[in-house]
Amino acid sequence: MATDTELWNALAPLRSVASFMMTGAHPDDEASALLARLARKDGLRTIYVCATRGQGGQNALGPESGDALAAIRTREMEEAARVLDMEVHWLDLPDFGFAKTAEATLAVWGEERLLEGLVRAIRTARPDVICPTFLDVPGQHGHHRAITRATITAFDLAADPDAFPDQIIAGLPAWRSAKLYLPAVSGGGGTYDDAEPPPPETVSVALDDADAELGRRSRACHRSQGMDLTPAEKPSAMPMHLLRSRAAMANAETSILDGLKRRLADCADASDPSLDDALRRAETGIDFAVARFPDRAGVATGLTWALEAIEEAETRLGPPPDPLADDLSHRLTIKRRQIWRASRLALSVDARVELPEVVVAGHPVGARLSTRFGGEPIPASLVAVTADGTAAAGDDLGMARVVVSPPDPFRPTFDPLSPAGAVTGRLRYVTENLEVEQTIEPVEAPRIVPPLSLTPHPERIVMRNGTSLPSLRIDARNNTGETIETRIRIGDAVAPLRLAPGHGTHIEVRVPTPAAGRYRLEIGADGVAHGRVRSFAYDHIGRTGWIEPAAIEVLVADLAIPEGIRIGYVDGGGDRAGIRLTQLGMTVAPIEAADLAGDLSRFDTIVVGVRAFGTRRDLAASRERLHAFVRDGGHLVTQYHRPQDGWDAMRTPPARLAIGSPSVRWRVCDPAAPVTVLAPGHPLLTWPNRIGADDWSGWVKERGLYFASSWHPAYEPLVAMSDPGEAPLEGGLISARIGAGRHTHVSLGLAQQMDALVPGAFRLFANLVQGARKP
């Protein structure tokens, strides 16, 4: 049974027919407190258009990156939107990390592709008001600048029937949004540094404690970005700048809603009194339902009146292509869906779709359907289950047989009124002679697997040239109810396989050791659908997964390692560098809390993982012990940290070392930026591998980030680099003799490069973990 809060939240959007669209580059760019205010207090339908899935960002949860991080951030964005009752439209442009200009971003995204996606989103969602999250000014993230610039252009293009005519032909008519705003506030802080003042404020939206708290709850869903620890913003007014308007306003603007159609009665057409009367009666029914809250019977009665009036109004609409009728039809369709949801909650109609925990893609599966009305069961025949667009009705026992396709974690849209997972239930029931329809999601999303799962161990192999490739292990599992007989192929190797239903085994295969280079060994099976299952579950987003081709990535690199070095690795959850070093044949031991409190002299080198001071409290509490380790002859290597990752310039490192802020000024985004070697004879650049020009080639995403901005004179900068047109930065790799030992701080993105199997990153990291004593 729905709570009073859930019912009230469902009633909130019934009071308005206006809509507000915000555009941004990444999940978590949305202005949550503002959207909370507009949705929950003003009843506006809110939409967020997100350019990327955020796969190029950081990950505070763990080592997932690339598609895995994109899947996590997609689910986080959906849950954040669910808190705000907000739609999400994805443009699915590549998130390639950080860019400092809109031009650099558009060179990757493609301006035409970006504009086409934005115009499509505007024509689909039909917002009355549009506002980007950030400003297009120097010092701001290039992705933010590009989406803002394109939003301004798309505002006009969406209204032009000659723009992107394929959309018009496909049934998306041109749409004239009424207003376009910009935020009248700078996007400064620890990351960005807006170099120009914001535009003047023309209107503001007041925010209070409730808006701030709801916004905080929504932002807390972005846990991969560390936002679950972010306190609620202090209530304030959100200043806005009206850039363009097509709204008819008789007086100076006092609200962003001025000049808009706010309620159903505002949509009345004097030429049709019957239509006007139906709209007014619908509004009367909504007002009655809101006024009778929390009396559920009274709420349901008012909603029934409103729904009946809306259906009558729809019969009075003119035929297409009447633009006024099309506009009103769109608003009435949304209002009907909102009333359906509120009606189900008021009547305590509970519908559930339950599936097995594991579902085999392409094979029939039983779904259990159950519905209750006020706590009492009602016939399951009122429910249908839809899988990939195909519906199956329930039988007398409440079961339906459906076939599920491989999952897609990257749905193009998210709509809290209409879930669209791999499997959904569609509930239909009648109240007061009116049919109500609602789409529902399973109680828990199933884990969808292929008929034959193939999982390589490990998935990536890094080895030194001249060593032997280890045997390759493939875990195979038959997920079906029938015996599978096939042949497994790994590169040129072939192995027979026979698996009984539900059984698994592992296959060991040896392939010839290749020459130095990078290789991808595809894993296949003859005559049976197969794949590698990617799956993860976090409590804030539930289970997410997909099926991809199975393969093993192999890098054979020409490199040497410092023999006999005992390495301790402090894992902060943000990289896999410790695993990579082990694969090269080095002795690496994980350092846990008990180890930090014990004898550190058993290590020659201690490596601190990416942002570990921000995720490991035991590490922060052991700073003095780490300093003593250095003074006594150990080598401490710290990877990049943000200032907010528990990094104190005076206390965290053995000698003063400050991280640059705002970070936009202290990073090199171009992965091919020229590198100047400042200390060519330094042992970290010469032993056991002599680092040369080839080691800086083939890098991905960026050179480095969160560079040191100032440091104690003991530190020596080893390299310098910069983005085009900027002054060289020397804080990417610095090292200092301290006592009998050494501290090296590396802000280069070596962990990212090693994940991408860039040979030079492995050669440089092998050098960095050498002992503090001269080789």
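Conventions used here
- Counting restarts for each chain: residues are numbered from 1 in the order of the written sequence.
- Under the rules for a predicted model, residues below a pLDDT of 70 receive no local features and side-chain atom pairs below 80 are neither given nor counted, while totals for whole chains, interfaces and linings still include all residues.
- Values reported for side chains reflect all heavy atoms of the structure, with hydrogen atoms and water molecules removed beforehand.
- Inter-axis angles, ranging from 0 to 180 degrees, are taken between N-to-C directions of lines fitted to C-alpha atoms, where helices are fitted over the stretch in contact.
- Segments assigned H or I by DSSP are reported as helices when at least four residues long, segments assigned E as strands when at least two residues long, and all are numbered from the N terminus.
- Angles below 35 degrees are treated as roughly parallel, those above 145 as roughly antiparallel, those between 65 and 115 as roughly perpendicular, and all remaining angles as oblique.
- In a left-handed crossing the near helix is turned counterclockwise from the far helix by less than a right angle, and in a right-handed crossing that turn is clockwise.
- We call two residues contacting when some pair of their heavy atoms lies within 4.5 Å.
- Any N or O atom pair separated by 3.5 Å or less is treated as a polar contact, with the protein-specific requirement of one donor-capable and one acceptor-capable atom, and with residues adjacent in sequence counted only for side-chain atom pairs.
- Residue burial is assigned from relative accessible area. The probe radius is 1.4 Å, only protein chains are included, and a residue is buried under 20% of its type maximum, exposed over 50%, and partly exposed in between.
- Here the rule is simple: two strands pair whenever DSSP picks up at least two bridges between them.
- Stacked, edge-to-face and tilted are the three classes for Phe, Tyr and Trp ring pairs, Trp counted by its six-membered ring, which pair at centre distances within 6.5 Å; planes under 30 degrees apart are stacked, over 60 edge-to-face, the rest tilted.
- Any carboxyl oxygen of Asp or Glu within 4 Å of a side-chain nitrogen of Lys or Arg constitutes a salt bridge here.
- Here, the term nonpolar core denotes a set of buried Ala, Val, Leu, Ile, Met, Phe, Trp, Tyr and Cys residues that are joined through side-chain atoms within 4.5 Å.

1. A short note on the packing of helix α1 (residues 4–11) against helix α10 (residues 296–315)
- Where α1 contacts α10, the axes come no closer than 13 Å and their chain directions differ by 20 degrees. Classified by the angle their axes make, α1 and α10 are roughly parallel. When you trace α1 past α10, the crossing you get is left-handed. Contact with α1, carried on its side by D4, L7 and L11, involves R296, V299 and L303 of α10 and no other residues of that element.

2. Regarding the side chain of T605
- Tracing the backbone shows T605 in strand β31 (residues 605–608).
- There is a polar contact of 2.8 Å between the side chain of T605 and the backbone oxygen of V769.
- Sequence-distant contacts of T605, defined by excluding residues within four places in its chain, comprise I565, R566, I567, G568, F629, H635, V637, V769, Q770 and G771.

3. What to know about the pairing of strand β1 (residues 19–24)
- Summarising burial for β1: six of the six residues are buried, a large majority.
- Here β1 shows no split at all, with S19, M21 and T23 on one side and F20, M22 and G24 on the other all buried.
- Across six bridges, β1 lies against strand β2 (residues 45–50) in parallel orientation. Paired with M21 across the two strands is I47, which belongs to β2.

4. Quick look at the environment of P165
- Looking at the element boundaries, P165 is found in helix α7 (residues 165–169).
- For P165, a relative accessible area of 43% corresponds to the partly exposed category.
- The spacing of P165 and I552 is 387 residues in sequence and 44 Å in space, taken between C-alpha atoms.

5. Some remarks on the packing of aromatic side chains
- Under the criterion given, the structure shown has ten aromatic pairs.
- An angle of 50 degrees between the planes, with centres 5.1 Å apart, marks the rings of W8 and F293 as tilted. Taken as a pair, W8 in helix α1 and F293 in the loop between α9 (273–292) and α10 lie far apart in primary sequence, 285 residues in all.
- A relative accessible area of 30% places W8 in the partly exposed class.
- The exposure class assigned to F293 is partly exposed, which follows from its relative accessible area of 23%.

6. Some words on the pairing of strand β19 (residues 452–457)
- The element β19 is largely enclosed, with a buried count of five among its six residues.
- The pairing of β19 with strand β21 (residues 472–478) spans six bridges and is classified as antiparallel. Its bridge partner lying in β21, L454 is registered against A476.
- Here two bridges tie β19 to strand β26 (residues 530–538), and the two strands are oriented parallel to one another. Note on β26: the bridge partner recorded for S453 is G531.

7. Re the sheet that holds β26
- Judged by pairing direction, the sheet is mixed, and its five strands sit side by side in the order β24-β21-β19-β26-β27 without closing on themselves. Two strands bound the open sheet, and with one partner strand each, they are β24 (504–509) and β27 (542–548). Within this sheet the neighbouring strands show an average axis-to-axis angle of 35 degrees, counted without direction.
- Helix-sheet contacts for helix α3 (residues 66–84) involve β26 and β27, and the interaxial angle to β27 is about 145 degrees.

8. Let's talk about unusual backbone geometry
- F293 connects to P294 through a cis peptide bond whose omega is 10 degrees.
- With an omega of 0 degrees, the peptide bond between S661 and P662 qualifies as cis.
- The backbone of R126 shows a phi angle near 55 degrees, a positive value even though the residue is not glycine.
- Locating R126 in the fold gives a position in the loop between α5 (111–125) and β4 (129–132).

9. With respect to the pattern of salt bridges
- One pass over the full model with this rule turns up 57 salt bridges.
- The partner of R73 in a salt bridge is D28, with the nearest N and O atoms 3.2 Å apart. With R73 in helix α3 and D28 in the loop between β1 and α2 (32–41), this residue pair connects regions lying 45 residues apart in the sequence. By the burial criterion, R73 is buried, and D28 matches it.

10. Here's the deal with the sheet that holds strand β30 (residues 587–590)
- Taken in spatial order, the seven strands make up an open sheet running β30-β29-β31-β32-β39-β38-β36, and their pairing is mixed. Taken across any chain shown, the strands that pair with only one partner, and hence form the sheet edges, are β30 and β36 (715–717). Across the sheet, the axes of successive neighbouring strands diverge by a mean angle of 20 degrees, strand direction being ignored.
- Here strand β29 (residues 566–570) runs beside β31; their pairing, made up of four bridges, is parallel.

11. A word on the nonpolar core
- Formed by 50 residues in total, the largest nonpolar core has its most connected members in L11, L279, L303 and L332.
- The set of elements that each furnish at least two residues to this core consists of α1, α9, α10, α11 (323–346), β8 (349–354), β10 (364–373), β16 (423–431) and β17 (434–440).
- For L11, the residues in contact, after removing those within four places along its chain, are A289, V290, F293, V299, L303 and A342.
- If you look at the next biggest cluster of nonpolar residues, it comprises 42 residues, including I561, L584, W699 and A756.

12. Considering the environment of V436
- Positionally, V436 belongs in strand β17.
- Residue V436 is classed as buried on the basis of its relative accessible area of 1%.
- Put simply, V436 and R336 are 100 residues apart on the chain and 9.1 Å apart in space, counted from C-alpha to C-alpha.
- Ignoring anything within four residues of it in the chain, the contact list for V436 reads L307, W340, S343, L427, R428, Y429 and T431.

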